[in-house]
Each structure stands twice: as structure tokens, then as C-alpha cells.
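Each chain, written out:
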Amino acid sequence: MGMRDHVAIITGGGSGIGWAAVKAFAERGARVVIADWNADEGRKAEDAVHALGGEARFVAVDVSQPESVAKLVETVLGAYGQIDILINNAGITRDAMLHKMSYEAWQRVIDVNLSGVFYCTQAVVRPMRKRGYGRIINTSSIVGRFGNVGQTNYAAAKAGVIGMTLTWAKELGPKGITVNAVAPGFIRTPMTAAMPPDILQQMAEKVPVGRLGEPEDIARVYLFLADEASGYINGAVISVDGGLSL
Ligand code: NAP
């Protein structure tokens, strides 16, 4: 049981929550693929895992491009011959109020945060179905469940991720593949670092446990869901938000 030697693709693994997950999975003996379009961050992450004695490999990918995703999967299968775990963690924001949101901002967020999850999952599911094993974890958001001012595009994509999770849990459960989603609250990463400190402080005060989340708070739930022993958890959407959504 566990995930020793399992091959785990973590999209957006070069930064924030993805990087915390890369470290956590490598520490548990997984062979981690850091799938990110940011080559600087991705290579740094790969080197850092090697320095800790773990196994990781950076593969450049743009999850919004099906050809790029196909190449990623081909590279991983060429190197390791199998894919056990996919964590669809890469994501972006392009915030604006509805009346000011450009079609470009709408489309880019849908392309990365929604279509990217579809492309990556479709590409890994073929080899997973053949082997009869897989763990797929999608990163949604508190915003996908409850909405957020200025995030029409992001909320639509993250709600869509939940819809795909539920559908794939039904489709793939019979094939030995579980599909679950994690819905983080406000987590301290480069994505939220751009927000003004007083807003972050106000957010923290609204969280029942009295603080913002850390990337490691999410990584531990990815680990739990990716474990071989978690095979009876399928189609769950787990909020990890310190109680903010209550
Ligand atoms: P982050 O620090 O910005 O990390 C995301 C990583 O994904 C970055 O390395 C980014 O590269 C990469 N990426 C972006 N677009 C990509 C693409 N098309 N192909 C491949 N890689 C791409 O973000 P984070 O805060 O850790 O967020 C991780 C996930 O959690 C996202 O899905 C996010 O929506 C979700 N989430 C975050 C929070 C939060 O409070 N932080 C809350 C709820 C949900 P660049 O940096 O070069 O763009």
C-alpha cells in the first residue's frame, strides 16, 4: 500500500501547491513528473527533489494544448512505462468584474483550468484503463462551489472541474480508477501573493481556524487520495479551507 515507485504526474508542479505536492510525493517514494510550462521553476523543483534524494523529472507542458499534453504522456510512458497518478493542479486567474471581463480573459482561464483538466485526463486514462489502475485528483476551488466577485471565468472553470470529477468517477470506477476533487480555500502561494496584505488579513480573519492555508495543507489531501489504500473514495469533493465555506 502507499505509493512507492508509483508514477505521479503533477501539473503546475513548479510552484505553490503543486511544488508542495511534488516534495510530499517524492518523500514517499513516488516517481514524480513535474509537468509545468514554467521551465525555470520546473528545473529548480527537479534539482531540489534530487538534492533531497527523491526521484523527479521536469517535463515542459502547456496543459491547454492537447498536442503538448500528448507529448507529455508519451515522454512519461517512454521513461517509466506506466502512469499511476495524475494531479490536475495547474491553474491561472485573470480576474475582472463581469461587465469588464475580456473574451481573452474568459477564454484563457477556461482553456487552462477547464479544458486543460480534460486534455490531461483523457490522455492518461487510456494507459490507465489498460492497466486497470489509476488515481486522478482534480483541483477545484471554494470559488467553484460558492462563486466569487470578479471571478466569473475561474468560478465557471472550477465548477466545471467538479462536474467532470463526478462524471469520471462513474465512468472510471469500474476500471479501477478513482477520481476525486479537492476544493482549497485561500492558500498562501504565488497565485494569492499578488493580493493586497490587508485583504489577505481580512480573509484570514474570516476563516474559522484563524489563518490562511499553506500549500502543504492541500498536498496532504492529494497524498491521501492518491494512496493505493484510498480505493473506496471515488467522486468526493473535499473542501480544504479551514471552515471558510461554512
Ligand atoms: P501557482 O503558485 O500559480 O502555481 C501554478 C503553477 O501552474 C505555476 O507554476 C504555473 O506557471 C503553472 N501553470 C499555469 N498555467 C499552466 C499551463 N497552461 N500549463 C502548465 N503549467 C501551467 O498556483 P497555486 O496557488 O499553487 O494553485 C494551484 C491550483 O490550486 C490551481 O489550480 C488553483 O486554481 C488552485 N487553487 C488555489 C488556491 C489558492 O488560494 N492559492 C485556492 C483554490 C484553488 P506560471 O507561474 O508560469 O503561470
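Keep in mind that this is a model prediction, so the values were computed, not measured.

Thresholds applied
Residues numbered from 1 in each chain as written. Predicted model: local features only at pLDDT ≥ 70, side-chain atom pairs only at ≥ 80, totals over all residues. Heavy atoms only, no water. UniProt positions renumbered as here; feature names shortened; annotations may be inferred. 1 Å grid on protein atoms, 1.4 Å probe; cavity = no way out; pocket = protein on both sides within 12 Å on 5 of 7 lines; lining within 4 Å. Helix = DSSP H or I, 4+ residues; strand = E, 2+ residues; numbered from the N terminus. Contact = heavy atoms within 4.5 Å. Buried < 20%, exposed > 50% of the residue type's maximum accessible area, 1.4 Å probe, protein only. Near = heavy atom within 4 Å. Polar contact = N/O pair within 3.5 Å; in protein donor to acceptor, adjacent residues only side chain to side chain. Areas by Shrake-Rupley, 256 points an atom, 1.4 Å probe, with all protein chains shown as cover. Sits in = over half its atoms within 2 Å of the grid points. Points joined across faces, edges and corners; volume = space filled by probe spheres on them. Nonpolar A, V, L, I, M, F, W, Y, C, P; charged D, E, K, R; others polar. Expected span 1.5 Å × (residues − 1). Arc of directions from axis to C-beta.

1. Quick word on the UniProt feature "binding site: NADP(+)" (unreviewed entry) in the chain
UniProt records the feature "binding site: NADP(+)" (unreviewed entry) at Asn89, Tyr154, Ala155, Ala156, Ala157, Lys158 and Ile187, using the numbering of this structure. Within this annotated set, the largest pocket is lined by Asn89, Tyr154, Lys158 and Ile187. With respect to the secondary-structure elements, Asn89 resides in the loop between strand S4 (85-88) and helix H4 (103-131). Every residue in contact with Asn89, bar those within four places of it in the chain, is listed here: Thr11, Gly12, Ile17, Gly18, Thr139 and Tyr222. For Ile187, the location among the structural elements is in the loop between strand S6 (177-184) and helix H7 (190-193). When its relative accessible area of 7% is taken as the criterion, Ile187 is described as buried. If we ignore the near neighbours within four places in the chain, the residues touching Ile187 are Ile17, Thr192, Gly213, Glu214, Pro215, Ile218 and Val240.

2. Details of the site of the ligand
The environment of the ligand is made up of 28 residues, and the closest members are Ser15, Asp36, Tyr154, Ile187 and Thr189. In this structure, Trp37 approaches the ligand through a side-chain N or O atom, which is 2.9 Å from an oxygen atom. One of the backbone N or O atoms of Val63 is found 3.0 Å from a nitrogen atom in the ligand. Taken by itself the ligand offers 880 Å² of open surface, and the protein chains cover 90% of this. The cavity where the ligand resides is the largest pocket. For the shell around the ligand, the elements supplying multiple residues, two or more each, are helix H1 (16-27), helix H6 (152-172) and H7. Looking at the shell around the ligand, the element that brings in the most residues is H7, giving 3 residues.

3. Some details on the side chain of Asn153
Among the secondary structure elements, Asn153 is positioned in helix H6. Under the relative-accessibility criterion, Asn153 is labelled buried at 0%. From its side chain, Asn153 meets the backbone oxygen of Ala105 in a polar contact 3.1 Å long. Setting aside residues up to four positions removed in sequence, Asn153 forms contacts with Arg94, Met101, Ala105, Trp106, Val109 and Ile110.

4. Regarding the layout of surface pockets
The space that makes up the largest pocket amounts to roughly 930 Å³. In terms of lining residues, the largest pocket is bounded by 41 residues, among which Gly91, Ile92, Thr93, Thr189 and Met191 are the most central. Taken together, the elements giving at least two residues each to the lining of the largest pocket come down to H1, strand S2 (31-36), helix H5 (142-146), H6 and H7. Taken together, the residues of the lining of the largest pocket break down into 19 nonpolar, 17 polar and 5 charged. Roughly 150 Å³ of internal volume is contained in the second largest pocket. Listed by contribution, the elements that provide at least two residues to the lining of the second largest pocket are H5 and helix H8 (197-206). Ranked by residues supplied to the lining of the second largest pocket, first place goes to H5 with 3 residues. Here the residues of the lining of the second largest pocket sort into 6 nonpolar, 3 polar and 1 charged.

5. Examining helix H3 (residues 66-80)
Taking 1.5 Å of rise per residue, the 15 residues of H3 would be expected to cover 21 Å, and the 21 Å separating its terminal C-alpha atoms lies within 8% of that figure. Looking at H3, one finds that the buried residues are Ser68, Val69, Leu72, Val73, Val76 and Tyr80. Angularly, the buried residues of H3 cover 140° about the axis, an arc narrow enough to put them on a single face. In H3, the exposed positions that point more than 90 degrees away from the buried face belong to Glu67, Lys71, Glu74 and Gly78. Against the buried residues of H3 lie strand S1 (7-11), S2, strand S3 (55-60) and H4. Positive backbone phi, at 80°, marks Gly81, one or two positions downstream of H3.

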